Amino acid sequence: MFQKISLFRQSITFYIAYSGVKKMKIDQAENLRKQIASAKSGRKTKVVSIVSGKGGVGKTNISINLAIGLSQIGKKVLLVDLDIGMANIDIVAGVSAQATIVDMIEEKLSIYDIMADGPAGISMIAGGSGLSFLFQLNAIKFSYFLRQIEQLEHQFDYIFFDMGAGITKDSMSFILSSHEAILVLTPEPTSITDGYALVKALHAEDDRLPIYTIVNACENENEGYEAALRFKRAAHDFLGKEVAMIGALPFDRTVSRAVREQVPFLLSAPKSKVSLSMKKIIFTYSGQEIKTKKEFGNFLTKLTKLLTPMLKRGSNNGE
Ligand SMILES: Nc1ncnc2c1ncn2[C@@H]1O[C@H](COP(=O)(O)OP(=O)(O)O)[C@@H](O)[C@H]1O
Ligand SMILES: [Mg+2]
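Residues numbered from 1 in each chain as written. Chains lettered and ligands numbered in written order. Predicted model: local features only at pLDDT ≥ 70, side-chain atom pairs only at ≥ 80, totals over all residues.

- In the nomenclature of an unreviewed UniProt entry, the protein is known as Cobyrinic acid a,c-diamide synthase of Pueribacillus theae.

Written out as structure tokens, the structure reads:
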């Protein structure tokens, strides 16, 4: 059972997060065991950014339920909350907040120390106060960060980044380093035009980044397919970019109920309209994986290349 968040729980979490540093040392042997096991598993890790032009379109709910659905069919999934202003995966998933990536770097914790067990066997990491902290790092801390990320190779089939809406130079590096991006749209014209602007900006930086769409909060499946088709045509005609659709999700009050109850809809209402459509998406998406899978190393190399020039200058010697 995962835990509900309450004020009481939050204060306990705060206590655990800080007293947990001691516990983490004890867990080092456990971490080592996990690393050895993961190296043996030989999983190919695919890194995916979940993005949108406009906020509030359903990125977080889609990230969590996609992760849960893939986990239910036997995939190992890590969900990383990188939404700067609105980090809320833990609340929607009903899991207590833990130490974050920032704590990992500052306290020299292992990446396994900051990983929480989410619902249905998924793992979760909180980004912390934002990504811009990465640019405040010196070379030593940055290489510590990369060494920890490196350890995720073979451990997971998928790593999902739940990104903030729109794009900043911080989030751009992560999206461009990913193996692919999933753009969440709704049929509303504002979501479509903001989504288009985002694709245009990404395409200008890297015309080979695969981008897929999920259309959320549709009146019916047809409306979703039509919106995706219009989007696909615009991207093709004006940018020469192919943007394939993964699927559509209906507007369903089950989603807001699930958010209020802090139990993801795929678990709280597996037979609801939105869950059935989500299962279709999971079926389509898990089938695609074989064609597009790339090395995890590509992600790390790109991230290093994009972030290194932006690191805090003149601090290659440590503090
Ligand atoms: N398919 C849907 N049907 C009904 N409401 C939805 C749906 N998807 C999202 N919502 C509502 O929109 C809110 C914002 O969703 P969220 O996943 O947090 O978006 P984002 O991460 O893009 O900001 C949710 O709390 C929920 O109430
Ligand atoms: Mg969100």
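### What about the overall build of the protein?
Here is step 1: Within the protein, the regular secondary structure consists of 13 helices and eight strands.
Here is step 2: A buried classification covers 43% of the 319 residues belonging to the protein.
Here is step 3: Residue pairs at least 24 apart in sequence account for 80% of intrachain contacts in the protein once pairs closer than 6 positions are excluded. (Helix = DSSP H or I, 4+ residues; strand = E, 2+ residues; numbered from the N terminus. Buried ≥ 20, exposed ≤ 12 C-beta atoms within 10 Å, placed from the backbone. Contact = placed C-beta atoms within 7 Å.)

### Details of the sheet that holds strand 8 (residues 243-250)
As a general point, the strands of a sheet are linked pairwise by backbone hydrogen bonds and lie either parallel or antiparallel.
Here is step 1: Within the open sheet, the eight strands sit side by side as 3-4-2-5-1-6-7-8. Their pairing is mixed. Pairing within the sheet leaves two strands with one partner each, and these edge strands are strand 3 (116-117) and strand 8.
Here is step 2: Direction of pairing for strand 6 (residues 180-185) relative to strand 7 (residues 211-218): parallel, over a ladder of five bridges. Bridged to Leu185 within strand 7 is Val215.
Here is step 3: Helix 8 (residues 189-205) rests against strand 1 (46-51), strand 6, strand 7 and strand 8 of the sheet, and its axis sits at about 165 degrees to strand 6. (Pairing = 2+ DSSP bridges. Axes fitted to C-alpha atoms, helices over the stretch in contact; angles between N-to-C directions.)

### A word on the packing of helix 8 against helix 9 (residues 221-239)
Here is step 1: One way to put it is that helix 8 packs onto helix 9 with a least axis distance of 11 Å and a crossing angle of 35 degrees. In this structure, helix 8 crosses over helix 9, and the sense of that crossing is right-handed. On helix 9, the residues touching Ile192, Gly195, Tyr196, Val199, Lys200 and His203 of helix 8 are Ala227, Phe231, Ala234, Ala235 and Leu239.
Here is step 2: Looking at the contact of helix 8 with helix 9 residue by residue, the class counts come to eight nonpolar, two polar and one charged. (Left-handed = near helix turned anticlockwise from the far one by under 90°. Nonpolar A, V, L, I, M, F, W, Y, C, P; charged D, E, K, R; others polar.)

### Some words on the site of ligand 1
Here is step 1: In the region of ligand 1, 17 residues are neighbours, and Gly58, Lys59, Thr60, Asn61 and Ser256 sit closest.
Here is step 2: Those elements that place two or more of their residues in the shell around ligand 1 are helix 3 (59-72), strand 7 and helix 10 (253-261).
Here is step 3: By residue class, the composition of the shell around ligand 1 is seven nonpolar, eight polar and two charged. (Near = placed C-beta within 6 Å.)

### As for the pairing of strand 6
Consecutive residues of a regular strand have side chains that alternate between opposite faces of the sheet.
Here is step 1: Counting buried positions along strand 6 yields five of six residues, so the element is predominantly enclosed.
Here is step 2: In terms of strand pairing, strand 1 meets strand 6 through four bridges, oriented parallel. Residue Ile50 lies in a different strand from strand 6, and its bridge partner there is Ile182.
Here is step 3: For the crossover from strand 6 across helix 8 to strand 7, the handedness is right-handed. (Right-handed = clockwise from strand over helix to strand, strands pointing away.)

### Digging into unusual backbone geometry
Here is step 1: We note that Lys108 has phi near 55 degrees; this positive angle belongs to a residue other than glycine.
Here is step 2: Mapped onto the secondary structure, Lys108 falls in the loop between helix 5 (101-106) and strand 3.
Here is step 3: The residue Ala120 is not glycine, and still its phi comes out positive at about 55 degrees.
Here is step 4: Following the sequence through the fold, Ala120 ends up in the loop between strand 3 and strand 4 (123-126).

### With respect to the nonpolar core
Here is step 1: Ranked by size, the top nonpolar core spans 82 residues in total, and within it Ile50, Ala67, Val77, Leu79, Met124, Phe160 and Leu183 carry the most contacts.
Here is step 2: Here Met124 is in contact with Leu79, Ile89, Asp90, Ala93, Val95, Met115, Ala116 and Gly118, once residues within four sequence places are set aside. (Core = buried A, V, L, I, M, F, W, Y, C linked by C-beta atoms within 7 Å.)

### Regarding helix 8
Here is step 1: With 17 residues, helix 8 should cover 24 Å at 1.5 Å per step; its first-to-last C-alpha distance of 25 Å lies within 8% of that length.
Here is step 2: Listing the buried residues of helix 8 in full gives Ser191, Ile192, Gly195, Tyr196, Leu198, Val199 and Leu202. Taken end-on, helix 8 shows its buried residues confined to a sector of 165 degrees, consistent with a single buried face. Of the exposed residues in helix 8, those oriented more than 90 degrees away from the buried face are Pro189, Thr190 and Ala204.
Here is step 3: Turning to helix 8, the residues buried within the fold contact strand 1, helix 7 (169-177), strand 6, strand 7, helix 9 and strand 8. (Expected span 1.5 Å × (residues − 1). Arc of directions from axis to C-beta.)

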